[in-house]
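Listed here are the chains, written in short residue letters.
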Protein chains: 2
Amino acid sequence: MSTATFGTGRILKLVGLLVLFFGLWFTPVPQGLTLEAWHLFAVFASAIVSVVLNVFPLFTSSLLACAIVVLTNTLTPAKAYGAFANAIVLLVVTAFLVSQSVVKSGLGKRISLYVVSLFGKSTLGLAYSIFITDTLIAPGFPSNTARGGVLFPVILALANNSGSTPEDENKRRFGGYLMFCGMSSLAITSALWFTATSGNPVGASLAAEQGLKIDFGSWLLASCVPCLLVIGLLPLLLYRLFPPGITATPDAPARARQELRTMGPMSRHEWITAITFIVMITGWVLAAPYKLNLTAIALAGLATLMITGVLTLHDMHEQGGTLVTFVWLAVLFGMSGQLNEMGFMGYVGERLAVGLEGLAWPMAYVALLVIYVLLHFGFVSQNAQVLALLGVFLDVGVKSGVPTHLMAFALLFASSYFSVITPQGGSQNIIFVASGYLKQGELYRLGLLTTFFATVVFLVVGTPWILWVAG
Amino acid sequence: MSTATFGTGRILKLVGLLVLFFGLWFTPVPQGLTLEAWHLFAVFASAIVSVVLNVFPLFTSSLLACAIVVLTNTLTPAKAYGAFANAIVLLVVTAFLVSQSVVKSGLGKRISLYVVSLFGKSTLGLAYSIFITDTLIAPGFPSNTARGGVLFPVILALANNSGSTPEDENKRRFGGYLMFCGMSSLAITSALWFTATSGNPVGASLAAEQGLKIDFGSWLLASCVPCLLVIGLLPLLLYRLFPPGITATPDAPARARQELRTMGPMSRHEWITAITFIVMITGWVLAAPYKLNLTAIALAGLATLMITGVLTLHDMHEQGGTLVTFVWLAVLFGMSGQLNEMGFMGYVGERLAVGLEGLAWPMAYVALLVIYVLLHFGFVSQNAQVLALLGVFLDVGVKSGVPTHLMAFALLFASSYFSVITPQGGSQNIIFVASGYLKQGELYRLGLLTTFFATVVFLVVGTPWILWVAG
């Protein structure tokens, strides 16, 4: 993690990065874009590349990018810093802080022992239990970030109790496998249910502009077959792609039952944590009809845990890593949003889409979907891409002759399952990424392969299914 | 710091707090205020009282207050969270992170040894050296928060090198004395120079509406006598009010010189830190004419320290306390700003000012100044009070027959020196308060006495001086 050592390789990468940055910065601005939008793209792209090449960590890249865009008047201070006040960013930060209580109180250990006692004969059994739990609770969560805040502490406790820590290279993989299962489960279950993420209704409202009416039932009918297929196969696929080290643990269920007996009844702090989470979850489920703010519910939960002493100021003083996450997430989230607002994202989408006009519709359909998914490399937020590109892509698809409902559902589902394509591709990933169980390279490789797999399933199985049931 | 223990005293306080909160909440809304403004006041006042009574720490009170105002629709989420993106709040956070480099690199130790070698025969000598240094650099700093970011690490190193830590009850007082000297020095030197804080030009522009032209020279002429008197006496007064434990240290200068020789020449990290601070300070000085954003300069400085390895991600991971400060400062800063925007502050000021009309002008002058200073108990930002109340109070004073320039200068100077009346009365205090060298009770006591002393000096000496030179 140190940035103090400058080897020859790192200096070469740094020179390459500077060439990329200044090359983009001084490239003549493409017609249809403002100078500011192009400069913002130069900074944003360089920041992402510097992280991917491991020249600077996310935190340092973000600081530098933020300082550059403000000092060059590319963005006003208010716009550059705006995302520090974004409710979703604050929800991620608060979810981090709240989740400590599940670990600290012992509740996470208890739940994980219980899960192990039921499914713990194999690592694969645990992975399936994560996917199944998430699938069942997803329709009640209008925010996959909030859902991540519930799943993460349980997965962290599962990893910890098996002796897997980010520092121990051998045992790290077990926790890393479960962490990636959590991330990819959130991605695919968000595609399954209309109400599992806030982007779905947003996307559906864009599809409505093309005359398509989508509700809870018609969404589920179209999504169920491809989604359940991915849910059924993905734990197994990830198990092959990223062998977790620990595989068969035949004695684990009995040991877990023994340990549960040793733990005795639930402590006061466990009860408080459990009740706080149940109330928070109820609040999150009721958030949409009662117009409750998700972040405010999480803040109230954190306050409750502080007042009751489950968490203390001392615990908060150890959350410097959360501050690091807060800073880079806010900076990149803000820049991505501004790129969108300045018309850069729409510009790229239109350029690409225009090139496809005139193709036969099945060709255009596949090309549009694949490009739409790949473009998520440049987005830090799913909602931003939905708002920026879904309408344009749907429009181009319909004009190319693709059946409206097919194009719409394909893009809508992709807007959920592409979230793992990069570690920052969805805010719900962040909490899992920051756990440190997976390296940047692994996250990009697994993310790309998982997204590829999901895209293939949706193209090969989803396409005929959607044409059949929703035609 | 623990919030887990609920003794009888604490339960009584908690009941009192609930009575206060619900009493205010359900009190009929005074005419001229909206329901939302009144409810926001009920939450804000209860949060401040809960901190003063030590029912909850600032962090917990802020979480609760923020959750309540959003869930009751008193504020929209965007307004309640807005100050997380405020440039001044972010400058405080960044100044915290940057200041670690001065301590870690050894530069702070070197500077403090140098200061000790010159003035270190007594604690009082050190205190005067803080005030004098600040007085000399202040006209070049348009932000007292930024100036605090420079002074703080040096004071911290002075305290550390004398073995004074927040945890050691006996030796704590030495560091606490120097910390409060730093805070109150920032307060009084901001009154001395027109360009020492951003609030001065703002206030002067409000005075200009009453036909008064104020520039760098006329400001200094009016401020110099009362300000220099306070600067000359305050270190001594604080020394009596808060005996620092360690007093005479006759061998310290020789020991410091010896230790400086042992340290040898400046290390690479010290040089980088020194140059980074010089560049940042130059940037801050040039910020106004070149329209540079203070926070972006600080972010660039932090990025430089990260890239060069003076600070590492590991250092950042230990900054959980900075996150705690970030959260409560953003919440309270935001609520104070919203109270102002909703017209509550102006309402209170007008009510009070109206009551004074008809008094003889010297009486009105004293009453307006004292009320203006005391009202700062309710403000988390100096600029907010200047914007909310300075114009109203000046107007009432002039109508009551107070000479315009006297009323204007009295209010303008007060807007700087009242910043220590509460620990949160100025954002530049926060970094000193968070060091932990002073307890909440001590901060309020010293703050009130210091503000009282400054107010008396400005009334008794400042009034005839201003009438004489600016009449």
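The preceding data block contains the structure.
Residues numbered from 1 in each chain as written. Chains lettered and ligands numbered in written order. Predicted model: local features only at pLDDT ≥ 70, side-chain atom pairs only at ≥ 80, totals over all residues. Heavy atoms only, no water.

**Topic: a nonpolar patch on the surface**
Residue and element names in this part refer to chain A.
In step 1: Nonpolar side chains collect at one region of the surface, where V366, V370, L374, F377 and L448 lie side by side and expose about 370 Å² of accessible area between them.
In step 2: Ranked by the residues each element gives to the nonpolar patch, the list is headed by helix α19 (residues 361-374), at 3 residues.
In step 3: Here F377 shows up in the loop between α19 and α20 (382-399). (Patch = residues over 30% accessible without salt bridge, like charges linked within 9 Å, V, L, I, M, F, W, Y side chains within 5 Å. Areas by Shrake-Rupley, 256 points an atom, 1.4 Å probe, with all protein chains shown as cover. Salt bridge = Lys/Arg side-chain N within 4 Å of Asp/Glu carboxyl O. Helix = DSSP H or I, 4+ residues; strand = E, 2+ residues; numbered from the N terminus.)

**A closer look at the packing of aromatic side chains**
In step 1: One pass over the structure, following the stated rule, counts 41 aromatic pairs over all chains.
In step 2: With centroids separated by 6.3 Å and ring planes inclined at 45 degrees, the aromatic side chains of W38(A) and F344(A) adopt a geometry described as tilted. With W38(A) in helix α2 (residues 35-52) and F344(A) in helix α18 (residues 344-356), the pair connects residues that are 306 residues apart, well separated along the chain. For the pair formed by W38(A) and F344(A), the shared burial category is buried.
In step 3: Where F326(A) meets F84(B), the ring centres are 6.2 Å apart and the plane angle is 55 degrees; that geometry is what we call tilted. In this pair, F326(A) is assigned in helix α17 (residues 320-341) and F84(B) in the loop between α4 (77-81) and α5 (87-105), connecting two distinct chains.
In step 4: The exposure class of F326(A) is buried, given its relative accessible area of 0%.
In step 5: For F84(B), a relative accessible area of 5% gives the class buried.
In step 6: Here a set of aromatic residues connected by ring pairs shows up, and it is made of F194(A), W219(A), F409(A), F413(A), Y417(A) and F458(A).
In step 7: Positioned above the aromatic ring of F242(A) is the side chain of R173(A), whose terminal nitrogen or guanidinium carbon lies 4.1 Å from the ring centre. (Phe/Tyr/Trp six-rings, centres within 6.5 Å; stacked < 30°, edge-to-face > 60°. Buried < 20%, exposed > 50% of the residue type's maximum accessible area, 1.4 Å probe, protein only. Lys NZ or Arg CZ within 6 Å of the ring centre and 35° of its normal.)

**A few points about the nonpolar core**
In step 1: In terms of nonpolar packing, the biggest core is built from 338 residues, with F84(A) and F84(B) touching the most fellow members.
In step 2: Ignoring anything within four residues of it in the chain, the contact list for F84(B) reads F84(A), A85(A), L90(A), F326(A), L90(B), F326(B), V327(B), A330(B) and V331(B). (Core = buried A, V, L, I, M, F, W, Y, C linked by side-chain atoms within 4.5 Å. Contact = heavy atoms within 4.5 Å.)

**Considering the interface of chain A and chain B**
As a measure of interface size, the accessible area lost when the parts come together is often cited.
In step 1: Tallying the contact residues gives 46 residues for chain A and 46 residues for chain B.
In step 2: When chain A packs against chain B, close to 4,100 Å² is buried across both sides, 80% of that on carbon and sulfur atoms.
In step 3: Ranking the residues of chain A by area buried against chain B places Y81(A), I307(A) and L323(A) at the top, with a combined share of 16%.
In step 4: Our count for the contact surface shared by chain A and chain B stands at 0 salt bridges.
In step 5: Between the two partners, chain A and chain B, sit 6 residue pairs in polar contact (both at pLDDT 80 or more).
In step 6: Where the side of chain A that touches chain B is concerned, the elements lending two or more residues are α3 (58-71), α4 (77-81), α5 (87-104), α15 (294-307), α16 (313-316) and α17 of chain A.
In step 7: With 9 residues, α15(A) is the single largest residue contributor to the side of chain A that touches chain B. (Buried area = accessible area lost by both parts, 1.4 Å probe. Polar contact = N/O pair within 3.5 Å; in protein donor to acceptor, adjacent residues only side chain to side chain.)

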